[in-house]
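# Observations on chain architecture
Listed here are the chains, written in short residue letters.
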Amino acid sequence: MGADVGRKMGTVPEKKGDSPHFSARYTIAAAQYPIEQLADWTAYEAKLTRWVAGAAESGAALAVFPEYGGMELASLEPETMGDLAGSLASVAGLIERVDALHVELAARFGLHILAASLPRLDADGRYRNAARLFAPSGKAGTQDKLVMTRFEREQWFVSAGVDGLTLFETALGKLAVLICYDSEFPLLARAAVDAGAEVLLVPSCTDSLHGYWRVRLGAQARALEGQCYAVQSPTVGEAEWSPAVDVNRGAAGVYGPPDRGMPEDGVIAIGAEGESQWVFAEIDLGKVAELRADGAVLNARDWRDQPGAGPLPALHVVSLL
């Protein structure tokens, strides 16, 4: 992995409140994760363990992996890895094994992990793009992508999730996941913010800098509107063997609202585009509360004042405490 970007923090202080285990200040690690051709399952296990260990050793309490990072597992079946439909089937067949590994790593290294998303085959015969959040306790929850890109709809035939948006109650505060394109739709983030979300996780997979900037600008806009943090984690590198994730562009970033106590441009940490690396940043949920109560502007509160503001998407809560 390349050079670390952002600040590396150590001890995570605890916030006194409803839960004695709630951390108000902690370090997030956002992956610029390379799609690679793997020799076998052991190679994947070693790679993921190395990445998680690197995040934990640098003091991270939360490690965020990108959208469709799990598609590198298609390389384990050479007969299907070059086939768009076949790659879905081969990767979906490994989801239980992949999740078991994440459960083990979250417990071993004592951190929360947003696993790289991958396709899940549901009982209705449709594939859905699933991100899974794992706590050190062994608890886990899932967020499916809700708005599909043209590639997913028209060529890959991956379907939108049907369970809506999830708010995750964790020892690291209230988190929501907006998978890539989902971050470009304000009502999804707003529903999460209204439910109390303090951090929006934005795993992404884009094959051009146009795509990267669309997602990045979406993430930064959602941080502005919600007066919260947004964390983007992209895939990087080239994988000519894969028809799904052959080209990957982007940089990991941690963003906040441009207001008092935050950087003037809202960029708390940013990676070097295209590099394989972790990007580290400390976040302070106390700042979210302060800005929402008494910021220079009150975007989170004043959303309701805009003409046309109305009902928000349904949301359900999953506790990982």
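What counts as what
- Residues numbered from 1 in each chain as written.
- Predicted model: local features only at pLDDT ≥ 70, side-chain atom pairs only at ≥ 80, totals over all residues.
- Heavy atoms only, no water.
- Helix = DSSP H or I, 4+ residues; strand = E, 2+ residues; numbered from the N terminus.
- Expected span 1.5 Å × (residues − 1).
- Buried < 20%, exposed > 50% of the residue type's maximum accessible area, 1.4 Å probe, protein only.
- Arc of directions from axis to C-beta.
- Contact = heavy atoms within 4.5 Å.
- Salt bridge = Lys/Arg side-chain N within 4 Å of Asp/Glu carboxyl O.

Here we take up helix α3 (residues 95–109). Here α3 is 15 residues long and its end C-alpha atoms lie 21 Å apart, about the 21 Å a rise of 1.5 Å per residue gives. Every buried residue belonging to α3 is among Ile95, Val98, Asp99, Leu101, His102, Leu105 and Ala106, and all of these are buried. Projection of α3 onto a plane perpendicular to its axis shows the buried side chains occupying an angular sector of 155 degrees, all on one side. Contact partners of the buried residues in α3: α1 (41–57), α2 (84–92), β3 (112–114), β4 (118–121) and β5 (127–134).

A complete count under the given rule lists 16 salt bridges for this structure. In this structure, Glu36 and Lys47 form a salt bridge, with 3.0 Å as the shortest nitrogen-oxygen distance. Of the two residues, Glu36 is situated in the loop between β1 (25–34) and α1 and Lys47 in helix α1; the sequence distance between them amounts to 11 residues. Classification of Glu36 as partly exposed rests on a relative accessible area of 33%. The exposure class assigned to Lys47 is buried, which follows from its relative accessible area of 2%. With a shortest N-O distance of 2.9 Å, Arg108 and Glu104 are connected by a salt bridge. Here Arg108 and its partner Glu104 are both found in helix α3, 4 residues apart, which amounts to about one turn of the helix. One salt-bridge network, in which partners are shared between bridges, spans Arg120, Asp122, Asp124, Arg128 and Asp144.

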